[in-house]
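# Structural description and commentary
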Amino acid sequence: MANPTLLILAGDGIGPEVMGQVTRIIDWFGAKRDLAFDVEHDLVGGCAYDKHGTPLHDDTMKRALEVDAVLLGAVGGPKYDNLDFSVKPERGLLRLRKEMDLFSNLRPAQCFDALADFSSLKKHLIAGLDIMIVRELTSGVYFGEPRGIFEEGNERVGINTQRYTESEIDRVARSAFELARRRGNKVCSMEKANVMESGILWREVVQRVHDTDYPDVELSHMYADNGAMQLVRAPKQFDVILTDNLFGDILSDCAAMLTGSLGMLPSASLGAPNADGRPKALYEPVHGSAPDITGQGKANPIACILSFAMALRYSFDQGEEATRLEKAIETVLANGARTADLMGEEGGTPISTSQMGDAILEALDASL
Ligand code: IPM
Ligand code: MG
């Protein structure tokens, strides 16, 4: 059988540095676990703009639709801040999400025991935290029409539109309920049904999907502002949080920081299954391109490596190998390996991006 195919889009800033460690991990699975991938590399974001004048070339888009999974590093940087909106690096990422129809964005916020002291919250609130945010990713105010900056009388008006169809809410709700069944069996859906019609419809459809097909899953609803408050008050009350594109963007950054470091958190963006049963999928760290530390070997590669672990689990049905990789990372952290973002108040000497890669490869070897 042919090897599964991976398209790596390392992107901008620290993207190529952290992805460099991921390719070492991929090679390890090929060499030691008989799990070889056919890997190809291409450009996205600012680097694609520099070469092609667009943040995502059509050929790259085409390949993304053909491969079994896409791994993305990060996009953007100060150099591109003044570009026209239509060619900003972020547009490349948004185009991938939209054209691959990756409607379900899984953002776990998990607290590693070794890092529980890193949280801005008290340790007992955070130790053992394991929540999953399911963010709708291809609709809502990110894509709704009309949008733009228009003339109105003697001034301009900026317009974006929050828009959700029933079927868009239905399919992402299903993915949250399916996921909940494999975890703590609880879903909390967040919207602003108190002020937004799209929120009223959201709540109604989520409840309907639940009552019809997932009555065994515990469902609650919360206004998103209260959700933000509850996330920092008592985060362990949650299992799966289901929410829309914009609220999910905000709530997932909040949940991520609860765990102590953005440098630790992966994500998976999944679409409808292909003919072979695999969902269209893109995996990326939650953190951005971190221009302030780019090129210094300081970046933490763990979020990107954990994103590959999610690919093993959700695209390639290799849950055990994903767990092996996650456990190796736990071991390395428990042994005290820390990149600069994980230094905290303990002090000590941080290790570099590639030293973190070395340590994880060693722990993987030791797992055999
Ligand atoms: C994210 C990011 C993106 C978003 C940006 C880079 C377009 O913040 O993935 O959370 O807003 O969705
Ligand atoms: Mg964001």
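None of these values were measured; they are calculated from a predicted model.

## Points about the overall build of the protein
Each helix and strand in the protein was counted, giving 12 helices and 12 strands. The C-alpha radius of gyration of the protein comes to 20 Å, within 12% of the 21 Å expected for a compact globule of 368 residues. Each of the three principal axes of the protein carries a C-alpha extent, and together these read 60 × 50 × 50 Å. With 368 residues in all, the protein has 52% of them scored as buried. Long-range contacts, defined here as pairs at least 24 residues apart, represent 75% of the contacts in the protein between residues at least 6 apart. Only carbon and sulfur atoms are counted for the fraction: they give 50% of the accessible area of the protein, which is about 16,100 Å². Side-chain charges in the protein split into 37 positive and 55 negative, and the spacing between the mean points of these groups amounts to 2 Å.

## Remarks on the environment of V172
The topology assignment puts V172 in helix α6 (residues 166-181). Under the relative-accessibility criterion, V172 is labelled buried at 0%. As for V172 and L129, which are separated by 43 residues in sequence, their C-alpha atoms are 23 Å apart.

## Structural notes on the sheet that holds strand β10 (residues 240-243)
Spatially, the 10 strands line up as an open sheet ordered β2-β1-β3-β12-β11-β4-β5-β10-β8-β9, and their pairing is mixed. Looking at strand neighbours, the two that pair on one side only are β2 (38-42) and β9 (218-223), the edges of this open sheet. Averaged over all pairs of adjacent strands, the angle between strand axes in this sheet comes to 20 degrees, irrespective of strand direction. Strand direction decides the pairing type here: strand β4 (residues 104-110) and strand β11 (residues 266-273), joined by 3 bridges, are antiparallel. Looking across to β11, one finds that L106 is bridged to A268. Packing against the sheet, helix α4 (residues 89-99) makes contact with β1 (5-11), β3 (69-74), β4, β5 (130-136) and β12 (279-285), and its axis sits at approximately 155 degrees to β12.

## Section: the site of ligand 1
Around ligand 1, the neighbouring residues are E90, R97, R107, R135, Y142 and D249. A distance of 2.8 Å separates an oxygen atom of ligand 1 from a polar side-chain atom of R107. Within the side chain of D249, a nitrogen or oxygen atom sits 2.8 Å from an oxygen atom of ligand 1. Burial of ligand 1 by the protein chains amounts to 75% of its free accessible area of 320 Å². Looking at the shell around ligand 1, you find at least three residues from each of domain 1 (1-112 + 261-368) and domain 2 (130-258).

## Digging into the layout of surface pockets
Rolled over the atoms, a probe as big as a water molecule pinpoints where empty space is left. Taken as a whole, the largest pocket spans an internal volume of roughly 610 Å³. Every residue lining the largest pocket is counted, 26 residues in all, and those nearest its centre are P108, Q110, D130, R313 and E326. Secondary-structure elements contributing two or more residues to the lining of the largest pocket are β4, β5, α10 (302-314) and α11 (319-334). Considering every element that reaches the lining of the largest pocket, the biggest residue donor is α10, with 5 residues. A class-by-class count of the residues in the lining of the largest pocket yields 15 nonpolar, 3 polar and 8 charged. Counting contributing residues per domain, the lining of the largest pocket is built from domain 1 (1-112 + 261-368) and domain 2 (130-258), each supplying no fewer than three.

## Examining the nonpolar core
Formed by 73 residues in total, the largest nonpolar core has its most connected members in L71, Y283, F308, L325 and I360. Examining the composition of this core, we find that 10 residues originate from one element, α10, more than from any other. Among the domains, domain 1 (1-112 + 261-368) and domain 2 (130-258) are the pair contributing at least three residues each to this core. Excluding residues within four positions of it along the chain, I360 makes contact with I25, I302, I305, L325, A328, I329 and V332. Formed by 19 residues, the second largest nonpolar core is a distinct cluster that contains A109, C111, A116 and L258.

Reading the values: the criteria
- Residues numbered from 1 in each chain as written.
- Chains lettered and ligands numbered in written order.
- Predicted model: local features only at pLDDT ≥ 70, side-chain atom pairs only at ≥ 80, totals over all residues.
- Heavy atoms only, no water.
- Helix = DSSP H or I, 4+ residues; strand = E, 2+ residues; numbered from the N terminus.
- Rg over C-alpha atoms; globule rule 2.2 N^0.38 Å.
- Buried < 20%, exposed > 50% of the residue type's maximum accessible area, 1.4 Å probe, protein only.
- Contact = heavy atoms within 4.5 Å.
- Areas by Shrake-Rupley, 256 points an atom, 1.4 Å probe, with all protein chains shown as cover.
- Lys, Arg positive; Asp, Glu negative; His and termini not counted.
- Charge placed at Lys NZ, Arg CZ, Asp CG, Glu CD.
- Pairing = 2+ DSSP bridges.
- Axes fitted to C-alpha atoms, helices over the stretch in contact; angles between N-to-C directions.
- Near = heavy atom within 4 Å.
- Polar contact = N/O pair within 3.5 Å; in protein donor to acceptor, adjacent residues only side chain to side chain.
- Domains from an automatic or database assignment.
- 1 Å grid on protein atoms, 1.4 Å probe; cavity = no way out; pocket = protein on both sides within 12 Å on 5 of 7 lines; lining within 4 Å.
- Points joined across faces, edges and corners; volume = space filled by probe spheres on them.
- Nonpolar A, V, L, I, M, F, W, Y, C, P; charged D, E, K, R; others polar.
- Core = buried A, V, L, I, M, F, W, Y, C linked by side-chain atoms within 4.5 Å.

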